[in-house]
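Report on the structure
Below are the chains, spelled out letter by letter.
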Amino acid sequence: MKQLFKKKMMKELEKEAAKQDTQGNTGQEQDNYLNDHGWEILFKKSHDFKKTFYVNQKTGKKFCFSFITTLIDESILQNNALPYLLERDFKYIEDVKKLIPIADVQISERNEDIEKKLFNGYVLLTLEGEEKCFAFIAAQKEIVRNVAQPEVEFSVIGPKESFVESMDQNLNLIRKRVPVKELIIENYTVGTLSHSGVAILYIDGITNTDNVDTVRQRIKEIEFDEITDSSYIVQLISDNENSPFPQLLDTERPDRVAAILAEGKVAILVDGSPHALIGPTTLVEFFGSFEDYFLNYLLSSFFRLVRLFAVAFSILITPIYVAALSYHYELIPKDLLSTLITSRREIPLPPILEALFLELTIELLREAGARLPTKVGQTIGIVGGIVIGTASVEAGLTSNVLLIIVALAALASFTTPVYRMGNTIRLLRFPFLFFAELWGLLGIVISFSFLLTHLIRLTSLGRPFLEPLYPPRITDFKDAIIRLPFKKQSLRPQYLRTENPVRFSKEKAKEKKDIDE
Amino acid sequence: MIAKKFILFIVVSLLMAGCVEKEIIDDVNIEMGLGYDLKEDDKIEGTVMIPVFNPDKRIGNFTFSATATSARDLLQEIQRKSAQPVVTGSLEIALFGEEMAKKGVIELIDSFERDASIGARVYLAVGEGNAKDILSGTYGNRGNAIHLSDLIKQNTDKRNLPKTNLHLFLFDHYQKGKDPYMPILKKLEAEIIDIVGVALFKGDKMVHTIPADKMFFFKLLTDKFSQGSFKIKVREEEEQAAIRDLDSKNKFKLTKRDPYSITVEIKIEGIIREYTGQMLTPAMIKKIEKELENTVNEECSTLIADFQGHGVDPIGFGHFIKSKTRGFDFKKWEDDYKNLTVHVKTDAKITEVGIVE
Amino acid sequence: MSQQPVPERLQISPFLVLYLIMSMQIGIGVLGYQRIIAEAAGYDAWISVLGAGLSIHIIIWMIYKICGTVDGDIVAANAYVFGKKIGNLVSSFFIIYLLIFALAVLRTFIEVIQVWMFPELSIFWFSLVFLILAVYIVFGGFRTVTGIAFFCIVLPSYLLLTFSFALKYADFRNLLPIFDHSAKDLITSAYKMSLTYIGFEIPLFFYPFIKDAPKSQKWAHLGVFLTTIIYTILAIVTFTYFSEDQLAKSIWATLEMWKIVSMPFVERFEYIGIANWNLIILPNICIALWGSSMILKRAFKLRQKKGVIILALFCLIAINFFDTRAKINFLNDWTGKIGFGVTYLYIPFLFIATMIVKKVKNK
């Protein structure tokens, strides 16, 4: 099959060459130019590689375009390049720059560039007589998704733009928000196969250079073949790969990226990924939704506290249920005792199995819901939640009290604004359950100690992950568990060690008014 | 890889060997009430009350008894008769039959003290007649033990019963110069239990009782802050007034040594709940206040004299004098107590008379 | 001969010394010290608690003088005074001291669990999990150890509030008359406080790990002061809650006071309290393991990673030998005595010796 295909290709090419021949004068030298070059052999195996020959009408010199049809916009070639090259005085390859109205034209002599440029949507131009030299003409075909509403980090108030897969467009969205020359965008290419473009963004004079260096170095050191999304980068450059906690924050909101750049953090954009990465980050940042900044500080502080409570509740409530029912009946208030005992009366399973059964059911429902189209997914949720839940209580497999608890815990885990962290929280419950089964409340405290130690040891780009809780920094509490009004936010977070810690002058912002003035 | 294997090994072996004995709530018999009665040959009959949780949320009762010579054997006997292990952690109330209380209860209470799972807020009470009879009725629909403990709690918080529980009993028992007391319960009808008085202990033996109508005065003397209610008759008039004591305080003052003399100052702030006369004029209120003061003075003095006669000191005069004296000699106090003079000075104040005058 | 300076990224802020000292001091002794001190001085013993607490400040001052003079930790100080060989030998005694301390704390805590919660709890398995946790913490370095110390003071601090429930039953007349006991009684009970107070000597071990170490002295003093206040208040609450003969029978008076706590959602608080105590014990073990493995490294050039595991294994094996209440008491008594010897005899001695050597060397 392959062989056949190849033969067909060759024939076509020969035909094309013959066509060119009739236009120009034939000779030994010219024939040489029409021959294949060494670098072309592998390209020719792909059917979307094309090579076309033309003759300049004034000088009679032959020239040739090589390009990948799927990557370039042929109309650019037809309208902006070919007419000029055919009709004007085209003697030397250097003339291309003057002749055609395309800004991005590069001349190169290096064979290594060819592959990179061709696959970036450039057209390769060679001129008879100057075979060693190439001109690359930009003619990229842009298949771009429109800027859509953020879906993962939706907010009712505030901007409705979110990143798309094209890095240029994403950079455009950010540049618009930070229109200063200090915003530096560094570009790197990673992935031996994917050649993904990775951009590091920071604001010069604010961001600590150590942080930028860390990111730069880690990105340069990435050894991987195919990088399809920024999620790969998160895992490849994180401080501790074995931690279930994400150590870089990811966001799809350009406004959020702009905001954190101003704080003095580093952002990483990956071509082909609609999610930017932010670092260094802290644990509490994962529980702050970006919408918090659009609301009054009292409201957003309250919501943040609610979310933190929800997290603690979500992790601890099922283990506490198991611990209390298996070991600590003394703890249970006597009014609740009768409810609990009555609800567990017919159930053959011990509390731990009962809890595991329900927790796994919820996980199943979630997985099933996530893999199905939205509409069907909703149905599954309702079927699972109501039918399976009620049925298993009626069948005497689980107690209705536990059903309420597990459902609430699942609900609470979804309040986490960052999806990745929500997943982590759901996982954390299981070690807690194991220890609760083992040693009751004591086990819960032990597993909590393990978790605490893990978090203390964790770093994000070398900065402590648990800050401002530990190391305790009072000044950073202004935008952590609670959010103080903007007037109080005159300093950048301390743990970032920014080069310029002052965001704005506190004195100017402060207004003093007496009564009735 | 080795680390992962090691963790797996630990997890598995923890599950196999590290587990401790479970007490799953629906697989144990939760003992909530306990009763002790004295039988022939100094044997003790113990009655255990276990709530039965019915699907319709009504709580039934299940009691069973065992007889043994000591508290420790009793527990063995009870465990043997039970299909599921009997656990003591949720004990609400312990009752002692009258005979038992007269013989001494500290051996039984010691087992509560020693058992880490028993709380300090367990109520202790003397059952008039037989503890078993009281435990085997059916009162309310929340289970007997909870009913009885709620009964005592309500009477302590709002009415005339002084504060009692396991901790306070032990505190008084071990305190030099103070004697413990506990309420007396009586089964009036098949479904009604009443608090008929307070049992006074000397050491760990019940020696004397205070009837229910004197409990108000007793509470004024024992509890530093108390509430209660009391009905008085205004002497010259024919009117009667029911007074709800909202806030009362007592204060002891040592006025003289050799022989000791103590002044007890009682302050009562109350409201009038019921009044049989026509108009409550300010003059009338003054009269009621005066009457209240006189009654409290008289009744309290009588009570104290009564205690001195029986040689019990539930109010803790001995402890009070000790706190005022360096190197206090408790041996000598035994005699001094009989010669102690106590003056009661009451200051009563009626703050409200209800929404009509 | 000062030691090599510790790189800044491994150092801690001076104020964290407060948490380190408090977390090391508050451990297992606080669960039942009231009975022990009341044996001698009766209900005047709270004065002894206060007095003993104040005397510690002198020792803290000496520790900072010693460390400041030699600009290093205990190993450096011993080497400064005795020379390298004998100095290291003396330092290795501290490894044993810290190990016995850790052992006593862990074993007593297991005893508390066995008596109050799970009578069948296996000493071996619990110690194994606990020590794995401790080793995991120590592997994180001194900053992680400090972090644990910080959280293990801050998180369980709410427990202090629960003792207000006992105040409802307080009879302050129990404390009267004040000074009803002789000075000798008071001193005896102050001596008996030592098991409860020891732990404040740890700046000797981590002095080089403090940023601007001399600045941390005020925090060390504050830490000791706060512990003293907590112990004194707790002693007073206990004395008013129990009558004297009742307290004499209570082995764990602090835990028994939780029996009176009642909250709408929790019927019995002591189980939560004991589980929480796990957090308070944790820094004790971690700091002891870290300190002893640090000395091993400094004096005998043993890699700290290896040292910690060896010491933890030693604890894991040794703990199984203390299987009765009598043996545990024996262990605790000796920990108290050694601790007293180290803090009130050895440190003043080292202080004087350092000053003399300094004078001699300067001449």
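If you're wondering where the values come from, they're calculated on a predicted model, not measured in any experiment. (Residues numbered from 1 in each chain as written. Chains lettered and ligands numbered in written order. Predicted model: local features only at pLDDT ≥ 70, side-chain atom pairs only at ≥ 80, totals over all residues.)

Here we come to the overall build of chain C. Looking only at helices and strands, chain C has 18 helices and zero strands in total. For chain C, whose C-alpha radius of gyration is 20 Å, the value lies close to the compact-globule estimate of 21 Å for 363 residues. Seen through its C-alpha atoms, chain C measures out along the principal axes to roughly 60 × 45 × 35 Å. Out of the 363 residues in chain C, the part that is buried amounts to 55%. (Helix = DSSP H or I, 4+ residues; strand = E, 2+ residues; numbered from the N terminus. Rg over C-alpha atoms; globule rule 2.2 N^0.38 Å. Buried ≥ 20, exposed ≤ 12 C-beta atoms within 10 Å, placed from the backbone.)

Tallying the contact residues gives 20 residues for chain B and 20 residues for chain C. The set of elements that each furnish at least two residues to the side of chain B that touches chain C consists of helix 1 (2-18), helix 7 (166-174) and helix 10 (317-324) of chain B. Class assignment for the residues of the side of chain B that touches chain C results in nine nonpolar, seven polar and four charged. (Contact = placed C-beta atoms within 7 Å. Nonpolar A, V, L, I, M, F, W, Y, C, P; charged D, E, K, R; others polar.)

On the chain A side, the residues contacting the 25 residues of chain C number 20 residues. Among the elements of the structure, helix 6 (123-139), helix 7 (142-154) and helix 16 (270-300) of chain C are those that each provide at least two residues to the side of chain C that touches chain A. The dominant element in the side of chain C that touches chain A, judged by the number of residues it contributes, is helix 16 of chain C, at seven residues. Classifying every residue of the side of chain C that touches chain A by side-chain character gives 17 nonpolar, six polar and two charged.

Glancing now at the domain arrangement of chain B. Residue and element names in this part refer to chain B. In terms of domains, chain B is made up of domain 1 (19-222) and domain 2 (224-357). The interface of domain 1 with domain 2 comprises 21 residues on the first partner and 25 residues on the second. Those elements giving two or more residues to the side of domain 1 that touches domain 2 turn out to be strand 9 (192-202), strand 10 (205-211) and helix 8 (215-222). With seven residues, helix 8 is the largest single contributor of residues to the side of domain 1 that touches domain 2. When grouped by side-chain class, the residues that make up the side of domain 1 that touches domain 2 number eight nonpolar, five polar and eight charged. (Domains from an automatic or database assignment.)

Compared with the 20 Å implied by 1.5 Å per residue over 14 residues, the 20 Å span of helix 15 (residues 400-413) of chain A between its first and last C-alpha is a close match. Regarding helix 15 of chain A, the residues found buried are Leu402, Leu403, Val406, Ala409, Ala410, Ala412 and Ser413 of chain A. (Expected span 1.5 Å × (residues − 1).)

Quick look at the sheet that holds strand 10 (residues 276-279) of chain A now. Residue and element names in this part refer to chain A. If you trace the five strands from one edge of the open sheet to the other, you get 6-7-9-10-8, paired in antiparallel fashion. Unpaired on one side and paired on the other, strand 6 (183-190) and strand 8 (249-251) mark the two borders of the sheet. The average undirected angle you get between the axes of adjacent strands in this sheet is 25 degrees. Here strand 8 runs beside strand 10; their pairing, made up of three bridges, is antiparallel. Residue Asp250 lies in a different strand from strand 10, and its bridge partner there is Leu277. The sheet strands contacting helix 8 (residues 209-220) are strand 6, strand 7 (196-203), strand 9 (266-270) and strand 10, and the helix crosses strand 7 at an angle near 175 degrees. (Pairing = 2+ DSSP bridges. Axes fitted to C-alpha atoms, helices over the stretch in contact; angles between N-to-C directions.)

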